[in-house]
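Take a look at the letters that make up each chain.
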Amino acid sequence: MPARIKDLVVDAADHQALADWWCAALGYERRRPLGQPPPPTEWAVAIHHPQDAGPVVWFNPVPDPKTGRNRVRFDVWGDTGELLALGATMVRRHDEDTEWDVLADPEGNEFGVFAPRASGLHLSGGRTTL
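This section reports on the structure supplied with the text. None of these values were measured; they are calculated from a predicted model.

On to helix α1 (residues 15-26), then. Over its twelve residues, α1 runs 16 Å from end to end, which matches the ideal 16 Å to within 8%, given 1.5 Å per residue. α1 sits mainly inside the fold: nine of its twelve residues count as buried. Of the residues making up α1, those classed as buried are His15, Gln16, Leu18, Ala19, Trp21, Trp22, Cys23, Ala25 and Leu26. Positive backbone phi, at 75°, marks Gly27, one or two positions downstream of α1.

Put into C-alpha cells, the structure is as follows:
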C-alpha cells in the first residue's frame, strides 16, 4: 500500500501566533477534542478546515528561527492582496514564466499563491480556501 499524507507539520518560533495567522489566511480553526480544555500553550497546535476540506496542519514549537529556503511549501488558491494585508510579505510576483506569486508568512515560510479559479475552490467567509 502506498503512503498517504496524514498531516502537515510546520516548525515555528512562535507556533501560537503562526497557527492563528494561517487560520485567518485559510479559514481554518484550531482543532480541539470536544469537551476538552485548551492544551498548554507550549504544546504543538493543530488547525483544520471546519468542513475537513483540507489537511490538518500542525505548528510545532522550536527554539531556533527559520534559516534558508523552504524544502516544502504550501500552494494556495487565494488573493495576494488579502494575504499581504494579513501580514504576509511579497517574495516574488508572478510573471510571464510563472502564474503564481510567492509570499512569505510572518516567520518567513514561503508559499505560492494562485489566482482563484471556479473549479475545485471553496469560498469561506470571503476567504478562498482549498
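Approximately 470 Å³ is the volume attributed to the largest pocket. Considering the residues around the largest pocket, the lining is formed by 23 residues, among which Val10, Asp11, Asn70, Val72 and Asn109 are closest to the centre. Looking at which element gives the most residues to the lining of the largest pocket, the answer is strand β1 (residues 7-12), with five residues. For the lining of the largest pocket, a count of residues per class yields ten nonpolar, four polar and nine charged. The space that makes up the second largest pocket amounts to roughly 220 Å³. As for the second largest pocket, its lining consists of 14 residues, of which Arg31, Pro39, Ala44, Val45 and Ala46 are closest to the centre. Across the lining of the second largest pocket, the residue classes break down as nine nonpolar, two polar and three charged.

Looking at the element boundaries, Pro50 is found in the loop between β3 (45-48) and β4 (56-61). The exposure class assigned to Pro50 is partly exposed, which follows from its relative accessible area of 30%. Beyond its immediate stretch of four places on either side in the chain, Pro50 contacts Gly27, Tyr28 and Glu29.

On to the sheet that holds strand β5 (residues 74-77), then. Strand order in the open sheet made by the four strands is β5-β8-β7-β6, with mixed pairing throughout. Edge positions in the open sheet fall to β5 and β6 (89-92), since each of these has one partner strand only. On average, each strand axis in the sheet is inclined to that of its neighbour by 35°, with strand direction left out of account. Across three bridges, the pairing between β6 and strand β7 (residues 100-104) is antiparallel. Paired with Met90 across the strands is Leu103, a residue of β7.

This part is about the nonpolar core. Trp21, Trp22, Ile47, Phe59, Leu83 and Phe111 are the most contacted members of the largest nonpolar core, which has 20 residues in total. Among the secondary structure elements, those contributing two or more residues to this core are β1, α1, β3, β4 and β8 (110-114). When residues in this core are grouped by element, the largest group, seven residues, is from α1. With residues up to four places along the chain from it excluded, the contact list for Ile47 reads Ala19, Trp22, Cys23, Tyr28, Glu29, Arg30, Arg31, Pro55, Val56, Val57 and Phe59.

About the thresholds
- Residues numbered from 1 in each chain as written.
- Predicted model: local features only at pLDDT ≥ 70, side-chain atom pairs only at ≥ 80, totals over all residues.
- Heavy atoms only, no water.
- Helix = DSSP H or I, 4+ residues; strand = E, 2+ residues; numbered from the N terminus.
- Expected span 1.5 Å × (residues − 1).
- Buried < 20%, exposed > 50% of the residue type's maximum accessible area, 1.4 Å probe, protein only.
- 1 Å grid on protein atoms, 1.4 Å probe; cavity = no way out; pocket = protein on both sides within 12 Å on 5 of 7 lines; lining within 4 Å.
- Points joined across faces, edges and corners; volume = space filled by probe spheres on them.
- Nonpolar A, V, L, I, M, F, W, Y, C, P; charged D, E, K, R; others polar.
- Contact = heavy atoms within 4.5 Å.
- Pairing = 2+ DSSP bridges.
- Axes fitted to C-alpha atoms, helices over the stretch in contact; angles between N-to-C directions.
- Core = buried A, V, L, I, M, F, W, Y, C linked by side-chain atoms within 4.5 Å.

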